[in-house]
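Architecture and fold: a report
Each chain, written out:
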Amino acid sequence: MISSKNTMPKRAPKERVKDFQEVALGYTKEQALAEANRCLNCKIPKCVEGCPVETPIPRFIQALKKGDYQTASYIIKEKNSLPAICGRVCPQEVQCEMNCVLAKKGLAVSIGALERFIADQERELNLEVKPKTPTKEKVAIIGSGPASLSAAADLALYGYRVTVFEALHELGGVLRYGIPEFRLPKAIVDSEIQYLEKLGIEFKTNIIVGVTESLADLKEQGYKAFFIGAGAGLPTFLGIPGENLNGVYSANEFLTRVNLMKAYKFPEVDTPIFVGEKVAVIGAGNVAMDSARTALRLGSKEVHIVYRRSKEEIPARLEEVSNAEEEGVIFNLLTNPVEIISDGNFKVNGLRCQKMKLGEVDSQGRKKALPISGEYIFLEVDMVIIAIGQGPNPLAIRNIPGLKTDKKGLIKTDSRGQTSLPGVFSGGDIVTGAATVIKAMGAGKEAAKAIDEYLQELREGN
Ligand SMILES: Cc1cc2nc3c(=O)[nH]c(=O)nc-3n(C[C@H](O)[C@H](O)[C@H](O)COP(=O)(O)OP(=O)(O)OC[C@H]3O[C@@H](n4cnc5c(N)ncnc54)[C@H](O)[C@@H]3O)c2cc1C
C-alpha cells in the first residue's frame, strides 16, 4: 500500500494574515525522513525529466534518507544553484511532482518540500562552498533575476570571471521586488546570493545596462560575452474606462512598494502606500494571488479576485490559490471587468464587470472566455490592482543597437540562446514572456553552456 503524503505544516490563516512572516513552516527532520521514505527511487526517474534544470531528485532523496544532508545539498547544487527558492515557489504540481509515478494516485512525493528542507539545512549547517579559480574570460550578466543568477553560477563553475549588473539597488529581480516576504523571505534570497558570491561572482547594483553603461563600455572593460536576463516587469493595463483613477495600481507598483521598498513597515520605513477597505484584484496568476494576500495583510477588509475564466484555468500555483482561499480572498470567476467607476472625485468607487462563459479552446490551449450578453455585476470597491501580465523590460532592448525583438518586444534568440548580436545571449522572461522561476533558471543554464562553447570557439580561433 502507498503511504499517504506528509503535509508540510503551515501557520493558521487567522494568525498569518496579520503579518508578513512566512506561511509555510517547512518539514521537521522526522517529517522529511518520512516523506523521503515514500520515494520509490525509480530506475527511470520521470521526476527529473519534469524539472527544467534536471535536479537529480532521487539521488538527493537517497542521501536525505541516510541523514547525509551535506551530500544531498551538493547533489542538488550540481544542477540547481537556488534550491531554497525553488523549493518554495516552483509549481511542482505541473513539473517534477506531476511526473512522479505516485502522482497517478494523487500521492506524488512532495519533492519541493524536500528540496526546501535540504536547502534550509544547508543554510543552518553553513556547508562549505568550493569555488573554482576563475581563469577564463570576463562575462557580463545583465539583470539579477533567476535566469541571470543561474547563468552566473554555471559560468563561475566553468571558471569564468562573472559580473552581474543590476538596475535596482537590490539583487534578485522578481524574487526580491515581486514575490512577498510571506512566501519567499528575503533572508532566503540573500543567503542564496551569498552562496553565489562565495562562488566568486561579482555583483554591481544601480547600473542600468544600456543607460548607465552601454554594451560598448562593457566591451571596453574587457567583457567577451554577455547574457541579458532583463525580465518582464512592464505592467500591462486593461484599457478600460477609469484606469487612471486614484486607487488603481498595477500589481507591479503595489508589490514593489511593499516588497522592495518595505511599505509594510511604514512608518518605520518611509515608503507610503494607499490600501483600500475593499479591493478588487484583476487576474488569477501568482502575481494576482500575491497582490490579494498582500492587501489583506496591509489591513483591507474584503479582497476579491476577478478572473474571466473558471477555477480550472487559474494559472497560479495550486498551493497559493488554496492559501488565498483559506485567508478569505473571495473568488469572482467567469467575471470580466469592463469599467472602474469613479466616486466623482477621481477616486475608485466600484468595479463594473461582465459575466462570462467558456467557449472553444484557443490557440494557447485554453478555453476562450466569452461575454454573456446583458449580464453584469457591480463590486463595491475603493481600490483596484491590475495583475493581468507583464511585458518585457524595455531599457536594455531599446539601448542595445542591433538587438532584434519579436512583435511583443521579446528578445529573439536562436536555439542556443544567442541573440542577433554575436556573443550576446539571452533567456528568461525577456525571451519567453512572463513565465516561471525554474524556466528562467533553465534558460540561464542553457545560455551558460552556449556562452562556454562560444568562448571556447573564439579561443580556438574558429
Ligand atoms: C509577483 C510575482 C509572483 C511570482 N510568483 C512565482 C511563483 O510562485 N513561482 C514561479 O515559478 N514564478 C513566479 N513568478 C514568475 C517569476 O518570478 C519570473 O518568471 C522570473 O523571476 C523571471 O526571471 P528573469 O530572471 O527572467 O527576470 P526577473 O526576475 O524579472 O529579473 C530581471 C532583472 O533584470 C533587471 N534589469 C532589467 N533591465 C536591466 C538593465 N537594462 N540593466 C540591468 N538590470 C536590468 C531588473 O531590474 C530585474 O532585477 C512570479 C512573478 C511575479 C511578478
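Since this is a predicted model, take the numbers as computed values, not measurements. Residues take numbers from 1 onward in each chain, read along the sequence in its written order. Reporting in this predicted model follows two pLDDT cut-offs: at least 70 for local features of residues, and 80 or more for side-chain atom pairs to be given and counted; totals over whole chains, interfaces and linings ignore these cut-offs and use all residues. The side-chain figures draw on all heavy atoms in the structure; neither hydrogens nor water molecules are used.

Moving on, we come to the site of the ligand. Val89, Glu166, Arg183, Val209 and Asp429 are the nearest of the 36 residues found near the ligand. A distance of 3.0 Å separates an oxygen atom of the ligand from a polar backbone atom of Val174. Here an oxygen atom of the ligand sits 3.4 Å away from a polar atom, N or O, in the main chain of Gly229. Strands are runs of DSSP state E lasting at least two residues, helices are runs of H or I lasting at least four, and both sets are numbered from the N terminus onward. Breaking the shell around the ligand down by element, the ones donating at least two residues are α9 (146-158), α14 (286-297) and α18 (437-459). Take the shell around the ligand: its biggest share by element is three residues, from α14. For the shell around the ligand, the residue count by class is 20 nonpolar, 11 polar and five charged. Domain limits in this description derive from either an automatic procedure or a database domain assignment. Both domains that furnish three or more residues to the shell around the ligand are identified here as domain 2 (138-233 + 391-459) and domain 3 (237-388). The rule for a residue being near a molecule or strand is that one of its heavy atoms must lie within 4 Å of it. Distance and chemistry together define a polar contact, namely a pair of N or O atoms within 3.5 Å, with one atom able to donate a hydrogen and the other to accept it when in protein, and with adjacent residues in sequence counting only for side-chain atoms on both sides. For this classification, the nonpolar set comprises Ala, Val, Leu, Ile, Met, Phe, Trp, Tyr, Cys and Pro, the charged set comprises Asp, Glu, Lys and Arg, and every other residue, Gly included, is treated as polar.

Taken as a whole, the protein is organised into domain 1 (13-125), domain 2 (138-233 + 391-459) and domain 3 (237-388). Of note, the centres of domain 1 and domain 3, computed from C-alpha atoms alone, are 31 Å apart. Between two residues, a contact is recorded if the distance between any of their heavy atoms is within 4.5 Å. Across the boundary between the two partners, domain 1 contributes 13 residues, which contact 13 residues of domain 3. Buried area: the sum, over both parts, of the accessible surface (1.4 Å probe) that disappears when the two are put together. Interface of domain 1 and domain 3: buried area, both sides summed, is about 1,100 Å²; carbon and sulfur atoms make up 55% of it. Three residues stand out in domain 1 for area buried against domain 3, namely Arg16, Val17 and Phe20, and they jointly supply 53% of the buried area on that side. Glu327 is the partner of Arg16 in a salt bridge, and the nearest nitrogen-oxygen pair spans 2.6 Å. Where domain 1 meets domain 3, there are nine residue pairs in polar contact (both at pLDDT 80 or more). The set of elements that each furnish at least two residues to the side of domain 1 that touches domain 3 consists of α1 (13-16) and α6 (83-89). A per-class count over the side of domain 1 that touches domain 3 returns eight nonpolar, one polar and four charged. Salt bridges are counted wherever a side-chain nitrogen of Lys or Arg sits within 4 Å of a carboxyl oxygen of Asp or Glu.

Below, the discussion takes up the nonpolar core. Residues Ile85, Ile141 and Leu196 are the most contacted members of the largest nonpolar core, which totals 47 residues. Among the elements of the structure, α6, β1 (138-142), α9, β2 (161-165), α11 (186-198), β4 (223-228) and α18 are those that each provide at least two residues to this core. With 10 residues, α18 is the single largest residue contributor to this core. Counting contributing residues per domain, this core is built from domain 1 (13-125) and domain 2 (138-233 + 391-459), each supplying no fewer than three. In these notes, a set of buried Ala, Val, Leu, Ile, Met, Phe, Trp, Tyr and Cys residues joined through side-chain atoms within 4.5 Å is what counts as a nonpolar core. Burial here depends on accessible area, computed with a 1.4 Å probe over protein chains only, as a share of the maximum for the residue type. Under 20% is buried, over 50% is exposed, and the range in between is partly exposed.

Further remarks concern the pattern of salt bridges. As enumerated under the stated definition, the model contains 32 salt bridges in all. Residue Glu22 pairs with Arg116 through a salt bridge whose shortest N-O separation is 2.9 Å. Taken together, the residues span a long stretch of sequence, with Glu22 in the loop between α1 and α2 (29-36) and Arg116 in helix α8 (residues 111-125) at a distance of 94 residues. Since its relative accessible area comes to 17%, Glu22 is described here as buried. Each member of the salt-bridge network shares a partner with another, and the members are Lys10, Arg16, Arg183, Asp290, Arg293, Arg297, Arg317, Glu319, Glu320, Glu326 and Glu327.

Attention shifts here to the side chain of Arg183. With respect to the helices and strands, the residue Arg183 is situated in the loop between α10 (174-177) and α11. Using a relative accessible area of 7% as the deciding quantity, one classes Arg183 as buried. A polar side-chain atom of Arg183 sits 2.7 Å from a polar atom in the side chain of Asp290. The contact partners of Arg183, leaving out residues within four places of it in the chain, are Glu22, Arg88, Val89, Asn286, Asp290, Arg293, Arg317 and Glu320.

Taken N-terminus to C-terminus, the directions of α2 and α8 make an angle of 135°; their axes are 10 Å apart at the nearest point. With respect to each other, α2 and α8 are oriented oblique. Crossing geometry of α2 relative to α8 is assigned as left-handed. Each of Lys29, Ala32, Glu35 and Ala36 in α2 lies in contact with α8, whose residues at this interface are Leu114, Phe117 and Gln121. Looking at the contact of α2 with α8, its residues break down into four nonpolar, one polar and two charged. Note on geometry: axes are C-alpha line fits, over the in-contact stretch for helices, and angles between N-to-C directions span 0 to 180 degrees. An angle below 35 degrees is treated as roughly parallel, one above 145 as roughly antiparallel, one from 65 to 115 as roughly perpendicular, and anything else as oblique. When the near helix sits turned anticlockwise from the far one by under a right angle, the crossing is termed left-handed; a clockwise turn instead gives a right-handed crossing.

On to the environment of Glu35, then. Its location among the elements puts Glu35 in helix α2. By relative accessible area, which is 0% here, Glu35 ends up buried. Separated by 316 residues in the primary sequence, Glu35 and Leu351 have C-alpha atoms spaced 46 Å apart. Setting aside residues up to four positions removed in sequence, Glu35 forms contacts with Lys5, Asn6, Tyr27, Ala108, Val109, Ser110 and Leu114.

Strands were regarded as paired on the criterion that DSSP finds at least two bridges between them. Taken in spatial order, the five strands line up as β6-β13-β7-β8-β9 in an open sheet, and their pairing is parallel. Looking along the sheet, the strands with just one partner apiece sit at the ends: β6 (248-250) and β9 (330-332). In this sheet, adjacent strand axes meet at a mean angle of 20° when their direction is disregarded. Two strands pair when backbone bridges link them, and β6 and strand β13 (residues 383-386) are joined in this way by three bridges, in the parallel orientation. Residue Tyr249 lies in a different strand from β13, and its bridge partner there is Ile385. Contacting β7 (278-282), β8 (302-306), β9 and β13, α14 runs over the sheet at an angle of about 170° to β8.

Only Phe, Tyr and Trp rings take part, Trp by its six-membered ring, and two of them pair if their centres are within 6.5 Å. Stacked means planes under 30 degrees apart, edge-to-face means over 60, and tilted covers everything else. Across all of its chains, the model carries six aromatic pairs by this definition. On the basis of an interplanar angle of 80° and a centroid distance of 5.7 Å, the ring pair of Phe165 and Tyr223 is categorised as edge-to-face. Of the two residues, Phe165 sits in strand β2 while Tyr223 sits in strand β4, which places them 58 residues apart along the sequence. In this structure Phe165 comes out as buried when scored by relative accessible area, which is 1%. Grouped by ring-pair contacts, the aromatic residues Phe20, Phe182 and Tyr264 constitute a single cluster. For a Lys NZ or an Arg CZ to count as sitting over a ring, it must be within 6 Å of the ring centre and within 35 degrees of the ring normal. Cation over ring: Arg352 sits above Tyr376, and NZ or CZ is 4.2 Å from the ring centre.

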